[in-house]
Amino acid sequence: QDTVYKIAPPFFEVASTALPGLMELCSYQSLEETEKILHLALSFCSSIQRMMQGIKTDAIVESTRIFQSLWKFYCAVLDEESSKSFIRYLEATCLKDALNSLKDTTSEWSLLLVIKSDRELDAAVRHIRTELLMTMQSLFPIVAESYSQLGTNYRLPTTRKSSISVENPTDRFFCFWCNCLRTFSMDLNLGVQGYSGGITTKMFQLLLDLIE
């Protein structure tokens, strides 16, 4: 647990910047690096999900830090808006004939390098998004508890003189959760319309649960 608490937040913080940069390169080498980062990300997600099953309330600060870094990673690469760029990148690399001959599909774990069709591409993106949503769902109860304590009796400012301030912890709490609600709602709405690979029944339920 201590290792995950220490390593996961900075990893997701760095990955949220590194992956968009790799996608701009649009090369086979960048695809290999993207694969490695996603492999680590999904490994962390599995560890976090298992860890949250027996978590205690004294880990609120650590769990919140992981959630916030994971949220940043999700928004940078795999929410509905950013996943459009991710899919275009995969189309330009995974499905490009000139690169197919370079692919090493013999590794024990391969998600992107084995993609050969649009259907497989969409399935891979849905898989990654599902794992991230499941991890955020596992973190959500304990993280929400910390914010509910902070936001007890919170009231929206009603005048210009009492406007929302990022310096105020309760205002930051309100803005953060409003952003989460907005993003999850948009992902659900656009997903059921088939955008960015569509959503599975499991993704639909995960998004509903997170919105609720």
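These numbers were taken from a predicted model, which means no experiment stands behind them.

Caption draft 1: Structural context of the packing of helix α1 (residues 2–25) against helix α3 (residues 60–78). Between α1 and α3, whose axes approach to 8 Å, the crossing angle comes to 15 degrees. Here α1 is positioned roughly parallel relative to α3, judged by the angle of their axes. The handedness of the crossing between α1 and α3 comes out as left-handed. Of the residues in α3, those touching α1 at Val-4, Tyr-5, Ala-8, Pro-9, Phe-12, Glu-13, Ala-15, Ser-16, Leu-19 and Pro-20 are Glu-62, Ser-63, Arg-65, Ile-66, Ser-69, Leu-70, Lys-72, Phe-73, Ala-76 and Val-77. Split by residue class, the contact of α1 with α3 holds 13 nonpolar, three polar and four charged.

Caption draft 2: Main features of helix α8 (residues 201–211). Along α8, the residues classified as buried are Met-203, Leu-206, Leu-207 and Leu-210. The buried residues of α8 occupy an angular sector of 95 degrees when projected down its axis, which confines them to one face.

Caption draft 3: Spatial organisation of the packing of helix α2 (residues 28–52) against helix α4 (residues 80–93). Two elements in contact, α2 and α4, have axes whose closest approach is 11 Å; the angle formed by their N-to-C orientations is 130 degrees. Between α2 and α4, the crossing angle belongs to the class labelled oblique. Every pair of crossing elements has a handedness; the one defined by α2 and α4 is left-handed. Along its contact with α2, which presents Ser-30, Leu-31, Thr-34 and Leu-38, the element α4 presents Phe-86, Tyr-89, Leu-90 and Thr-93. Along the lines of polarity and charge, the residues of the contact of α2 with α4 split into five nonpolar, three polar and no charged.

Caption draft 4: Layout of the side chain of Ser-69. Inspection of the secondary structure assignment puts Ser-69 in helix α3. Residue classification places Ser-69 among the buried positions, given a relative accessible area of 1%. The residues contacting Ser-69, other than those within four sequence positions of it, are Ala-8, Pro-9, Phe-12 and Glu-13.

Caption draft 5: View of the environment of Leu-210. Tracing the backbone shows Leu-210 in helix α8. Judged by relative accessible area, which is 5%, Leu-210 ranks as buried. For Leu-210 and Gln-137, which are 73 residues apart along the polypeptide, the C-alpha to C-alpha distance reads 6.4 Å. Apart from the residues within four sequence positions on either side, Leu-210 is in contact with Leu-133, Met-136, Gln-137, Phe-140 and Phe-184.

Caption draft 6: Structural detail: the confidence of the model for the protein. Chain-level pLDDT for the protein is 81 on average; 79% of the residues reach the 70-or-more range. The model gives residues 156–164 a pLDDT under 50, and that stretch makes nine contacts with residues more than four places away or in other chains.

Caption draft 7: Structural context of the packing of aromatic side chains. Enumeration according to the criterion identifies 13 aromatic pairs in this entry. On the numbers, 5.4 Å between centres and 55 degrees between planes, the contact of Phe-12 with Phe-73 is tilted. Residue Phe-12 is found in helix α1, and its partner Phe-73 is found in helix α3; the two are separated by 61 residues along the sequence. The class of Phe-73 is buried, set by a relative accessible area of 1%. A connected cluster of aromatic rings, assembled from ring pairs, spans Phe-67, Trp-71, Tyr-74, Phe-140, Phe-176, Trp-177 and Phe-184.

Caption draft 8: Fine view of a nonpolar patch on the surface. Together, Val-192, Phe-204 and Leu-208 make up an exposed nonpolar region whose accessible area comes to about 230 Å². Here Val-192 lies in helix α7 (residues 169–192).

Cut-off values and rules
Residues numbered from 1 in each chain as written. Predicted model: local features only at pLDDT ≥ 70, side-chain atom pairs only at ≥ 80, totals over all residues. Heavy atoms only, no water. Axes fitted to C-alpha atoms, helices over the stretch in contact; angles between N-to-C directions. Helix = DSSP H or I, 4+ residues; strand = E, 2+ residues; numbered from the N terminus. Parallel < 35°, antiparallel > 145°, perpendicular 65-115°, else oblique. Left-handed = near helix turned anticlockwise from the far one by under 90°. Contact = heavy atoms within 4.5 Å. Nonpolar A, V, L, I, M, F, W, Y, C, P; charged D, E, K, R; others polar. Buried < 20%, exposed > 50% of the residue type's maximum accessible area, 1.4 Å probe, protein only. Arc of directions from axis to C-beta. pLDDT = per-residue confidence, 0-100. Phe/Tyr/Trp six-rings, centres within 6.5 Å; stacked < 30°, edge-to-face > 60°. Patch = residues over 30% accessible without salt bridge, like charges linked within 9 Å, V, L, I, M, F, W, Y side chains within 5 Å. Areas by Shrake-Rupley, 256 points an atom, 1.4 Å probe, with all protein chains shown as cover. Salt bridge = Lys/Arg side-chain N within 4 Å of Asp/Glu carboxyl O.

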